[in-house]
Every structure is written in C-alpha cells, then in structure tokens.
Amino acid sequence: MSHAGRSRLSQPDTLRLLWAYSPTDPSNENQISKHTVRGSKSLNLLDPQVNKSSSLPANLLRKDFLNPSVKVPNDSTTYWCQTFKMPALAKKHHMVKFDVVVQPDSVGIVHHVLAYACYTPMNESYEGLGAPCFVGILPSEIVNCRQTFMTWAIGGEPFYFPDNVGFSIGGPGDPVYFVVETHYDNPQRRNDIVDSSGFAVWYTSELRSQEAGILEAGHTVAPSMLIPPNLASFQISGFCNDECTKQALPPQGITVFGSFLHSHMIARKIRARHYRNGQDVGNLGRDEHYDVHYQQIVTLSTPRTVLPGDAILVECDYDSTNVKRMTYGGLATKDEMCLVFLYHYPKIDLGVCTSAIHPDKPVRLLRGDTAG
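Residues numbered from 1 in each chain as written. Predicted model: local features only at pLDDT ≥ 70, side-chain atom pairs only at ≥ 80, totals over all residues. Heavy atoms only, no water.

Chemist: Tell me about the sheet that holds strand 20 (residues 267-276), and please be specific about residues and values.
Modeler: On the basis of which strands lie adjacent, the open sheet formed by four strands has the order 18-23-20-21 and antiparallel pairing. Here the strands that pair on one side only, and so sit at the sheet edges, are strand 18 (234-240) and strand 21 (279-287). The mean angle between the axes of side-by-side strands here comes to 25°, regardless of whether they run parallel or antiparallel. Where strand 20 meets strand 21, seven bridges bridge the pair, whose relative direction is antiparallel. Pairing of I270 across the sheet is with D287, part of strand 21. (Pairing = 2+ DSSP bridges. Helix = DSSP H or I, 4+ residues; strand = E, 2+ residues; numbered from the N terminus. Axes fitted to C-alpha atoms, helices over the stretch in contact; angles between N-to-C directions.)

Chemist: An account of the pattern of salt bridges is needed here, citing residue identities and associated values.
Modeler: Between side chains of opposite charge, pairing is possible as soon as their charged atoms come close. What the rule picks out here adds up to 13 salt bridges. Between D335 and K334 there is a salt bridge, and its shortest N-O distance comes to 3.5 Å. Classification of D335 by relative accessible area gives buried; the value is 12%. Taken together, the shared-partner salt bridges connect K269, R271, R273, D280, E288, E315 and D317 into one network. (Salt bridge = Lys/Arg side-chain N within 4 Å of Asp/Glu carboxyl O. Buried < 20%, exposed > 50% of the residue type's maximum accessible area, 1.4 Å probe, protein only.)

Chemist: I'd like to hear about a nonpolar patch on the surface, residue by residue, with values.
Modeler: A grouping of F134, V221 and L331 is seen on the molecular surface, where their side chains present a nonpolar patch of about 230 Å² in accessible area. When you line up the elements, V221 lands in the loop between strand 16 (213-219) and strand 17 (226-227). (Patch = residues over 30% accessible without salt bridge, like charges linked within 9 Å, V, L, I, M, F, W, Y side chains within 5 Å. Areas by Shrake-Rupley, 256 points an atom, 1.4 Å probe, with all protein chains shown as cover.)

Chemist: For the sheet that holds strand 8 (residues 130-132), give the residues involved together with the corresponding values.
Modeler: Read from one edge of the open sheet, five strands run 8-5-12-7-9, paired in antiparallel fashion. Strands with a single pairing partner mark the edges of an open sheet, and in this sheet they are strand 8 and strand 9 (147-153). Here the average twist between neighbouring strands, direction ignored, is 20°. Two strands pair when backbone bridges link them, and strand 7 (residues 110-118) and strand 9 are joined in this way by six bridges, in the antiparallel orientation. Note that in strand 9 the partner of A115 across the bridge is M150.

Chemist: Could you give an account of the state of the cysteines, naming the residues involved and the relevant values?
Modeler: A complete count under the given rule lists four disulfides for this structure. Note on cysteine connectivity: C118 is disulfide-linked to C145, with sulfurs 2.0 Å apart. Disulfide C118-C145: the torsion about the S-S bond is 115°, which places it as right-handed. Taken together, the residues C118 in strand 7 and C145 in the loop between helix 2 (140-143) and strand 9 connect sequence positions 27 residues apart. Under the relative-accessibility criterion, C118 is labelled buried at 4%. Exposure remark for C145: the relative accessible area of 3% places this residue in the buried category. (Disulfide = S-S within 2.5 Å.)

Chemist: Describe the environment of T151, and please don't skip the residues or the numbers.
Modeler: Mapping T151 onto the fold places it in strand 9. Relative accessible area serves as the criterion here: at 1%, T151 is assigned to the buried category. Spatially, the C-alpha atom of T151 lies 9.9 Å from that of V180, the residues being 29 residues apart in sequence. If sequence neighbours within four positions are ignored, T151 has contacts with F98, V113, L114, F199, I214, F260, I297, F341 and Y343. Here the side chain of T151 touches Y343 through a polar contact of 2.6 Å, side chain to side chain. (Contact = heavy atoms within 4.5 Å. Polar contact = N/O pair within 3.5 Å; in protein donor to acceptor, adjacent residues only side chain to side chain.)

Structure follows, in structure tokens:
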C-alpha cells in the first residue's frame with residue numbers, strides 16, 4: 001500500500017470497496033477465470049462499531065417500536081409521525097443499543113427514521129396516534145417533540161453506545177412518550193405500500209456513568225438554502241454560535257463521542273468544524289467522500305470536549321453538475337439538507353442549534369446585489 005493509501009485510511013471517511021469474482025472455480029492456479037461478477041459497496045473501515053455486541057450486559061432487554069401497518073400515501077415524499085409510549089419500568093434503565101427495522105417491501109422506500117423524545121406533558125389518548133407530519137393534523141404536543149435521541153438513514157447499521165454511556169429511560173424526568181418520524185421516498189407514487197418499519201431498542205438496568213443526548217447543528221432546513229445548477233462544487237454552511245453554547249452548555253462542557261452526518265443526493269463532503277476563541281481546533285465529524293446511500297453514525301476515535309463559548313460550523317459541499325434546476329433546502333430527497341447530529345454526554349436541554357440564510361439574501365445575490 002502506498003503512503004497516500006495509508007494517509008486516506010487514517011481518517012474515518014466513507015470508502016468505496018470494489019469487488020469482483022468468477023462464478024466458476026479455477027481448474028488450477030494458472031487458469032483463473034475472468035472475474036465477471038462485479039460490484040461496489042461503501043464502507044467506513046475505521047468505524048469501531050464493528051463487533052460491539054460482545055460488550056453488552058447479559059440482562060439486556062429488547063423492545064420494538066414499529067409503525068402499525070401504515071398505508072403510505074402516493075406522494076413522492078411523506079413524513080409520517082407515530083407516537084409511542086416508553087416501556088413501563090419500575091426503575092431507571094439505560095438504552096445501550098438501537099437499530100432500525102425496515103420491512104423487506106419497504107427497502108428503498110424508507111429514507112430515514114428519527115426518534116424524538118417528548119419532555120412536556122402528553123395526553124394519554126395520543127399514544128398510538130399517527131399521521132403525516134408538518135401538515136397541521138397532529139396536536140401541538142406531538143409536533144413540539146423535537147429532542148432527537150435516535151437517528152438512522154439509508155445504509156445505517158446498529159448503533160452501540162460506548163461502554164460508559166447510555167440513554168436514560170424509566171427514571172424521574174425521563175420521557176414517557178416519543179415520536180418516530182419516518183421519511184418515505186416514493187418517487188413512483190406507488191399506492192400499494194403498507195409499512196411497519198421502526199426502531200428496535202436494547203436497554204438494561206445496569207446503569208452506566210454517563211447519560212447521552214443528541215445536539216442537531218448545521219443549516220436550518222429551509223427553501224432559502226439555494227444550490228445553483230451545473231456547478232462541480234458549491235458550499236453551504238450553517239453554525240451553532242458561541243452565544244448559544246454559552247447559555248446551553250454546563251461549565252465543564254459536553255463530550256462529543258459520535259456524529260451522524262446528513263444530507264441528500266448531490267452532497268459530496270460534510271464537515272462539522274469545532275471552533276474555540278475563533279480558532280479551528282478540529283472536527284466533530286467529517287466525510288470527504290459522502291455517500292447518501294451509506295449514512296452511518298460514526299464513533300469518534302478520540303471524544304472531543306465542547307465548552308461554553310465554543311462554536312460549531314457545519315460545511316456541506318455539493319456537486320450539481322447533472323442538475324438542471326435550482327436545488328432548494330427542504331424535506332424531499334430531491335431537496336437538500338446540511339446537518340450533523342452530535343452524540344454527546346452529559347445530556348443537555350438544547351436539542352437543535354442551527355442557522356439559516358435570511359430569505360431575502362439569496363434573491364439579492366441572484367440579482368447581483370452583494371450589498372447588505
């Protein structure tokens with residue numbers, strides 16, 4: 001392997017593994033058949049999540065939270081919100097692993113699945129309530145559940161919390177209800193999809209020393225996020241500024257141990273930069289070879305401390321060479337996003353810290369007005 005090859009493997013970027021084989025065994029070592037069966041797969045070879053199951057406690061419990069045979073609308077994009085109740089527990093437990101459950105007929109249709117904890121009182125009658133998100137159907141108590149605690153997107157694999165970290169359930173102040181948001185990508189507008197996908201969680205009464213939370217940072221999902229067509233490289237940025245972290249973070253800061261980078265079809269690179277006193281002090285997550293079909297939570301090889309007054313800048317690079325129209329920020333797969341979900345401890349109240357371009361600024365820039 002060359003020095004350049006070793007250098008590339010020193011970073012937790014997505015790599016494309018190319019493979020090929022022959023369907024017939026060679027008759028001898030000098031008569032090797034042509035490798036006609038070929039393919040490729042995206043992998044993160046440095047992700048330490050592999051073979052983590054051996055460190056799980058013996059008294060592990062599992063519960064599945066699945067959509068109840070949802071009839072997916074024949075729209076190209078649907079966000080479905082389903083309300084669940086946490087397991088009834090006599091005492092506090094820690095969730096230490098989660099995975100998505102995608103029904104075989106829904107593979108390729110389920111684009112991403114997120115879970116939001118509800119920390120405000122919830123009407124008991126809302127348990128099991130499900131409907132399309134963001135269209136004014138659901139009660140405000142459900143709409144306001146926005147504290148992310150599980151993330152998954154296409155290509156994602158089971159996530160194991162570090163051995164000293166768990167997500168608290170069943171204890172005083174822990175959420176009783178949560179909402180699972182499922183993004184259905186249905187470009188053919190099929191009307192025959194019935195889906196029961198969702199999350200599986202594993203939890204234990206053996207409490208760990210740290211309690212996890214997730215902080216979402218980047219660019220607010222909004223149409224003012226514009227990406228012009230026919231460009232080989234175009235960058236969008238969003239940030240969580242120092243004033244937000246001053247107010248929300250404890251004096252000792254938070255320790256970021258994992259990151260989930262999320263964008264859509266034309267994204268090529270994503271970086272979550274960590275700033276202190278105006279200086280770039282490292283990455284909280286990065287992928288220089290982003291693949292929308294392989295979105296994995298990556299555990300940082302060295303956890304990083306974010307202190308009050310620090311800032312987080314999320315940069316996304318896009319390639320719109322083959323796009324013939326303006327691409328907007330939005331919920332559909334054909335739209336774009338620029339986000340990072342930072343897995344950290346201790347848990348804090350702040351769940352979302354994003355920024356957005358003023359709605360008028362893209363219009364002025366397109367007109368050639370650079371003032372203001």
